[in-house]
Amino acid sequence: MKAIRRFTVRPVLPEPLRPLSDLARNLRWSWHTETRELFQSVDPERWAASGGDPVRLLGSVPPARLAELAEDRRFLRRLTTVADDLDDYVTGERWYQAQSGELPTAVAYFSPEFGITAALPQYSGGLGILAGDHLKAASDLGVPLIGVGLLYRHGYFRQTLSRDGWQQEHYPVLDPHELPLVLLKEEDETPAQVTLALPGGRHLRARIWLAQVGRVPLLMLDSDVEENDLRERGVTDRLYGGGSEHRLLQEMLLGIGGVRAVRTYCRLTGHPEPEVFHTNEGHAGFLGLERIAELGDAGLDFDSALEAVRAGTVFTTHTPVPAGIDRFDRELVARHFGPDAELQRIDVERILQLGMETYPGGEPNLFNMAVMGLRLAQRANGVSLLHGNVSREMFSGLWPGFDPDEVPITSVTNGVHAPTWIAPEVFQLGARQVGPQRAEDAFTGGGEDRWDAVADIPDQDIWELRRNLREQLVTEVRERLRASWRQRGAGTAELGWIDGVLDPDVLTIGFARRVPSYKRLTLMLRDRDRLMDLLLHPERPIQIVVAGKAHPADDGGKRLIQELVRFADDPRVRHRIVFLPDYGMAMAQKLYPGCDIWLNNPLRPLEACGTSGMKAALNGCLNLSVLDGWWDEWFQPDFGWAIPTADGAGTDPDRRDAIEAAALYDLLEQRITPRFYEQGPGGLPDRWIEMVRQTLMLLGPKVLAGRMVGEYVERLYAPAARAHRTMDPDAARELAEWKARLRRSWHGVRVDHVETSATTATAELGSTLTLRVRVALGDLAPDDVEVQAVSGRVDSEDRIADASTVPLKPAGGPDLEGRWMYEGPLSLDRTGPYGYTVRILPAHRLLATSAELGLVAVPSGDVVEGAGVLLR
């Protein structure tokens, strides 16, 4: 019989065990070994059955066992120690509290997904895992962050395979009462809610669930409440599900509802209000509109409110391709804002202007969430050096007249949260070498001196660690493979071969990630005979573990999975290559440490960062990757291999795949497998062990989320907080009025004449020329602009590279026609083809960058013969 109603019956813990409840509700247990070990000791079998989830564990332990533990003095001493440690962690001073300077009192961090732990499945891939690691690292460093996301009742899908290898999706219902969450409540104990107005007089209401991530509160909005109609209840049903309107409503709830949730949380708890709002990808971009509306209610006009909001907003883009950005039809957005819907006090045309693609090559009827995010943020970044370059090119249309390298988008390279991703055995090896506290400090915040101690670890210890981790992976793979084949319909009698799958002494390659086409899951299958030779080599075999999910609507990705599964099902190689369905955090935490090589072969430069290889590196796994994302930035031959790319403009995709696959096979055959199996005088693969050592020493401190969050604080959060404090209502009005005046008057700004003291087309290194420029400023004054000389090496088409800029000074007042003369020196500090030009830019003390308005005036071709002359 089926129940007509479901309840969650919570255990009543004996008084001495009450701290267990607090420990279970703070997700620090997901990266704190001592807390997990304490819960495991409550009941090891039930701990395993609960998937390592303390909330589920405590709900299943019999009262008799709880009573027994309440009398167990040894257990109670451990409980007190762990509970005191959490209290010290949450309340004590950490890195952030020791910093000098003007840091924000609080930062609100918005993301559509968060990967904190497998026990809270609210993530689909890299964006969510990155967001989860950002929160954990902020907690470790003491950064006063508030996370904001949605609570999806089905999370992301669970993946199984059909008998013929086709991906199948399952959406188990998640009950928030069975998750490590608490409901945010008003003082009268009623659930706190946020409400959004929808077209036609409807409303979207959402409750606020709180997940405590160490020191960081994570607010998650849930629309599955009785007060909503059925349609609105389903808004937070699935991560990245539904059509355009469904996604728009999710993103309105995340951005607008998220700001309201933050205000509610701060009101109820006394948490400081955020001074900085960080938008992790464009999905949360509407948060800026809600903050403009708040300032409008306080009496500020739209343009002034926009300047105030921009000052304290940081926007991070994670996609290197326009197709990865959410874009909505103009009319759909217009219908959900304005007189009959949300943010009624803002003119809907002003809202639309923020997101429309009003630049060459843009779609004029599409509302672009990333474009809105950039227009609403004074500071923006990509997630690796290469991705910063790609982003500046991709969004350069928003700053017409500026070279891509001047587009105001910087980069902060992603990192990963070491305590989450490092195998306990790796931590223990480090603790034996430098002590537990120094090891914890190294994994949390970096400090290259602490990582140097890896140099003193004996080769034998490193090799035994790597074999132990590989052996654990083999056990895990066999268990998961057996479960997968049973789901595919196989009987026990058919599965005896699984006991021989993988070998703990064979070079093991891992490949696990989402399965969009650009990540090229099946590149390894390009030459199947060659791959078979590698898998079955009599002296130097390899084995490969593959995992990944295709988006439910991506049949192309599903076909790639099926192609790989069918190859892995071949009885000739199935003991050497496996596909494991349902890739997620729990699997990943076993997979990264157990592999010797982490393979990544995307189409360059389409991988924004790609943090899976970082997690592998922290466990001594070597990277074999295309030079894309973070690997392009930090690759060295000392600790990995670069797959050559054929990304020239004239190479067709099929030929490119063939070239790069051949390069991959060559590396495996000629360089990687010989090094792994080659033994030195002591019977160990000395050169391989040295690469493992270099990976840990050189990459370890770089790939940490603690390093990443520290960079966000110093380079983005602190400047945004200073700008926020400076941009009071009077300053915001001043800047808005100045920008409006500048835009109205810019048509009258031009360069009229350029001349130098040079008399020939050659000059000597170290000489200085005098540059004189006559400019027209129309209705503007010299205080409104900066006139610059721009100079540097030039290419064959006279384009200036590695440009340096020098401001020129007015030489006297305006002439009779109102034109101004500017002068300044031009130092010739480089040999070879050299050139210069001049330009006029807006200038104001409140601008974050002179490119902010996208306005620039440069000489026209006929200004003066020889303007921009090359000095050869």
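As a convention, each chain's residues are numbered from 1 in the sequence order in which they are written. Whole-chain, interface and lining totals are the exception, using all residues; otherwise, since this is a predicted model, local features are given only for residues with pLDDT of at least 70 and side-chain atom pairs are given and counted only at 80 or more. As a rule here, side-chain values cover all heavy atoms of the structure and leave hydrogens and water aside.

### Examining the overall build of the protein chain
Next up, step 1: Counting from the N terminus, the helices are DSSP H or I runs at least four residues long and the strands are E runs at least two residues long. Across its full length, the protein chain carries 29 helices and 27 strands.
Next up, step 2: Throughout, the radius of gyration refers to the C-alpha atoms, and the reference size of a globule is 2.2 Å times the residue count to the power 0.38. Relative to a compact globule of 872 residues, whose C-alpha radius of gyration would be 29 Å, the protein chain shows 30 Å and is just as compact.
Next up, step 3: Along the first, second and third principal axes, the C-alpha atoms of the protein chain reach 95 × 70 × 50 Å.
Next up, step 4: Categorising residues by exposure relies on relative accessible area from a 1.4 Å probe, with only protein chains included: less than 20% of the type maximum marks a residue as buried, more than 50% marks it as exposed, and the intermediate range marks it as partly exposed. Residue burial in the protein chain is summarised as follows: out of 872 residues, 57% are buried.
Next up, step 5: A fraction of 73% describes how many contacts in the protein chain between residues 6 or more apart in sequence connect residues 24 or more apart.
Next up, step 6: For the protein chain, the exposed area adds up to about 35400 Å²; of that, 48% sits on carbon and sulfur atoms.
Next up, step 7: Charge-centre separation for the protein chain: the mean point of 98 positive side chains lies 4 Å from the mean point of 125 negative side chains. Whether two residues are in contact is decided by their heavy atoms: any pair within 4.5 Å suffices. Throughout, the Shrake-Rupley method with a 1.4 Å probe supplies accessible areas, and for residues the shown protein chains are the sole cover considered. Positive charge is attributed to Lys and Arg, negative charge to Asp and Glu, and no charge count is given to His or to the chain ends. We put the charge of a Lys on NZ, of an Arg on CZ, of an Asp on CG and of a Glu on CD.

### Overview of the nonpolar core
Buried together is how nonpolar side chains tend to be arranged in soluble globular proteins.
Next up, step 1: Grouping buried Ala, Val, Leu, Ile, Met, Phe, Trp, Tyr and Cys residues that are joined through side-chain atoms within 4.5 Å yields what is termed a nonpolar core. In this structure, Met524, Ile544, Ile597, Leu624, Trp641, Ile672 and Trp688 are the most contacted members of the largest nonpolar core, which totals 107 residues.
Next up, step 2: Looking at which element gives the most residues to this core, the answer is helix α20 (residues 459–487), with nine residues.
Next up, step 3: Counting 98 residues, the second-largest nonpolar core is a separate cluster that includes Leu219, Ala305, Val348 and Ile840.

### Quick word on the sheet that holds strand β17 (residues 577–580)
Next up, step 1: The rule for pairing is simple: two strands pair if DSSP sees at least two bridges between them. The sheet built from six strands is open, its strands ordered β17-β16-β15-β18-β19-β20 with parallel pairing. Strands at the two margins of the open sheet, each flanked by one partner only, are β17 and β20 (640–643). Ignoring strand direction, the axes of neighbouring strands in this sheet form an average angle of 20 degrees.
Next up, step 2: Every axis corresponds to a line fitted to the C-alpha atoms, with the helix fit spanning only the stretch in contact, and the corresponding angles, defined between N-to-C directions, vary from 0 to 180 degrees. Of the strands in this sheet, β15 (507–512), β16 (542–547) and β17 are in contact with α20, which crosses β17 at around 65 degrees.

### With respect to helix α28 (residues 705–726)
Next up, step 1: Take the number of residues in a helix, subtract one, and multiply by 1.5 Å to get its expected span. Helix length check: α28 (22 residues) gives 30 Å between terminal C-alpha atoms against 32 Å at 1.5 Å per residue, within 8%.
Next up, step 2: Along α28, the helix axis deviates most sharply at valine 713, where the bend reaches about 40 degrees. In this scheme, the bend at a residue equals the angle between the axes fitted to the seven residues that finish there and the seven that begin there.

### A word on the confidence of the model for the protein chain
Close reading of the predicted structure is inappropriate where its pLDDT is low.
Next up, step 1: pLDDT gives the predictor's per-residue confidence on a scale running from 0 to 100. With 96% of its residues at a pLDDT of at least 70, the protein chain reaches an overall mean of 93.
Next up, step 2: Taken together, the stretch residues 864–872 has pLDDT below 50 and engages in 28 contacts with residues farther than four places along the chain or on a different chain.

### Some words on the side chain of arginine 513
Next up, step 1: Looking at where arginine 513 falls in the secondary structure, it is placed in the loop between β15 and α21 (528–535).
Next up, step 2: One speaks of a salt bridge when a side-chain nitrogen belonging to Lys or Arg is within 4 Å of a carboxyl oxygen belonging to Asp or Glu. Look at arginine 513: it is buried, it has no salt bridge, and the nearest opposite charge is glutamate 607 at 4.6 Å.
Next up, step 3: Two N or O atoms count as a polar contact when they lie within 3.5 Å, although within protein this holds only if one can serve as hydrogen donor and the other as acceptor, and sequence-adjacent residues are included solely when both atoms are side-chain atoms. There is a polar contact of 3.0 Å between the side chain of arginine 513 and the backbone oxygen of leucine 599.
Next up, step 4: A polar contact of 3.1 Å, which involves the side chain of arginine 513, links it to the side chain of serine 612.
Next up, step 5: Setting aside anything within four residues of it in sequence, one finds arginine 513 in contact with Lys519, Ala547, Gly548, Lys549, Tyr583, Trp598, Leu599, Asn600 and Ser612.

### Here's the deal with the packing of aromatic side chains
Next up, step 1: Stacked, edge-to-face and tilted are the three classes for Phe, Tyr and Trp ring pairs, Trp counted by its six-membered ring, which pair at centre distances within 6.5 Å; planes under 30 degrees apart are stacked, over 60 edge-to-face, the rest tilted. For the structure on display, the rule yields 22 aromatic pairs.
Next up, step 2: A ring pair is formed by tryptophan 95 and tyrosine 96, whose centres lie 6.4 Å apart and whose planes are at 55 degrees; its orientation type is tilted.
Next up, step 3: On the numbers, 4.7 Å between centres and 45 degrees between planes, the contact of tyrosine 156 with phenylalanine 157 is tilted. Of the two residues, tyrosine 156 and phenylalanine 157, neither departs from the other in class, the shared state being buried.
Next up, step 4: An aromatic cluster of three or more residues is present, and its members are Trp463, Trp641, Phe676, Tyr677 and Trp688.
Next up, step 5: Note on criteria: charge over ring means Lys NZ or Arg CZ within 6 Å of the ring centre, with the direction from the centre no more than 35 degrees off the ring normal. For arginine 28, the ring lying beneath its charged end belongs to tyrosine 89, and the centroid distance is 4.2 Å.
Next up, step 6: Sitting above the plane of the tryptophan 421 ring, lysine 615 keeps its charged end 4.6 Å from the centroid.

### What to know about the environment of glutamine 636
Next up, step 1: If you trace the backbone, glutamine 636 turns up in the loop between α25 (629–634) and β20.
Next up, step 2: Sequence spacing of glutamine 636 and leucine 699 is 63 residues, and the spatial spacing of their C-alpha atoms is 9.7 Å.

### Considering the packing of helix α9 (residues 244–269) against helix α10 (residues 287–297)
In a packed pair of helices, the relevant descriptors are the angle between the two axes and the axis-to-axis distance.
Next up, step 1: At a closest axis distance of 6 Å, the pairing of α9 and α10 adopts a crossing angle of 55 degrees. The orientation of α9 with respect to α10, classified from their angle, is oblique. Viewed along their axes, α9 and α10 form a crossing whose handedness is right-handed. Contacts from Gly255, Ile256, Val259, Arg260 and Arg263 of α9 reach α10 at Leu287, Glu290, Arg291 and Glu294.
Next up, step 2: Grouping the amino acids of the contact of α9 with α10 by side-chain chemistry returns three nonpolar, one polar and five charged. By definition in this entry, angles of less than 35 degrees are roughly parallel, angles greater than 145 are roughly antiparallel, angles of 65 to 115 are roughly perpendicular, and the rest are oblique. For any pair of crossing helices, the crossing counts as left-handed if the nearer helix is rotated counterclockwise from the farther one by less than a right angle, and right-handed if it is rotated clockwise. Put simply, Ala, Val, Leu, Ile, Met, Phe, Trp, Tyr, Cys and Pro go in the nonpolar bin, Asp, Glu, Lys and Arg in the charged bin, and everything else, Gly too, in the polar bin.

### Looking at the side chain of glutamine 378
Next up, step 1: Note that glutamine 378 resides in the loop between α14 (369–375) and β13 (379–382).
Next up, step 2: For glutamine 378, a relative accessible area of 8% puts it in the buried group.
Next up, step 3: For glutamine 378, the residues in contact, after removing those within four places along its chain, are Arg310, Ala311, Thr313, Ala723, Leu846, Ala848 and Glu852.

### Notes on the packing of helix α17 (residues 424–434) against α20
Next up, step 1: At a minimum axis distance of 10 Å, the contact between α17 and α20 shows a crossing angle of 160 degrees. On the basis of the axis angle, α17 is roughly antiparallel to α20. Here α17 runs over α20; the crossing is right-handed. Across the interface between the two elements, Glu425, Val426, Leu429 and Arg432 from α17 touch Asp461, Leu465, Asn468, Leu469 and Gln472 from α20.
Next up, step 2: Looking at the contact of α17 with α20 residue by residue, the classes come out as four nonpolar, two polar and three charged.

### Let's talk about the pattern of salt bridges
Next up, step 1: This model, assessed by the stated rule, comprises 64 salt bridges.
Next up, step 2: Measuring nitrogen to oxygen at the nearest pair gives 3.0 Å for the salt bridge that ties arginine 260 to glutamate 290. Within this pair, whereas arginine 260 is found in helix α9, its partner glutamate 290 is found in helix α10, the two being separated by 30 residues in sequence.

### Focus: a positive patch on the surface
Next up, step 1: Judged by side-chain charge, Arg73, Arg74, Arg77 and Arg78 come together as a positively charged surface patch.
Next up, step 2: Residue position: arginine 73 is located in helix α6 (residues 73–91). For patch building, the residue pool is restricted to those with more than 30% relative accessible area and no salt bridge; the joining distance is 9 Å between like charges and 5 Å between nonpolar side chains (Val, Leu, Ile, Met, Phe, Trp, Tyr).

### Considering a negative patch on the surface
Next up, step 1: A contiguous patch of negative charge on the surface is contributed by Glu393, Asp403, Asp405 and Asp802.
Next up, step 2: On the secondary structure map, glutamate 393 appears in helix α15 (residues 385–394).

### Concerning the sheet that holds strand β26 (residues 819–827)
Next up, step 1: If you walk across this open sheet you meet the four strands as β21-β22-β26-β25, and the pairing is antiparallel. Single-partner strands in this sheet number two, and they are β21 (750–756) and β25 (809–810).
Next up, step 2: Sheet topology note: the β21/strand β22 (residues 768–776) ladder contains six bridges and is antiparallel. By the bridge assignment for β22, histidine 753 is matched with arginine 774.

### What about the pairing of strand β23 (residues 785–794)?
Next up, step 1: Among the 10 residues in β23, eight count as buried, and that is most of the element.
Next up, step 2: As judged from the nine bridges shared by β23 and strand β27 (residues 834–842), these two strands associate in the antiparallel manner. Across the sheet, glutamate 786 pairs through a bridge with leucine 841, a residue of β27.
Next up, step 3: Bridging between β23 and strand β24 (residues 800–807) involves six bridges; their strand directions are antiparallel. Residue serine 791 lies in a different strand from β24, and its bridge partner there is serine 804.
Next up, step 4: Connecting the antiparallel pair β23 and β24 is a turn made up of five residues, with aspartate 798 showing a positive phi of about 65 degrees.

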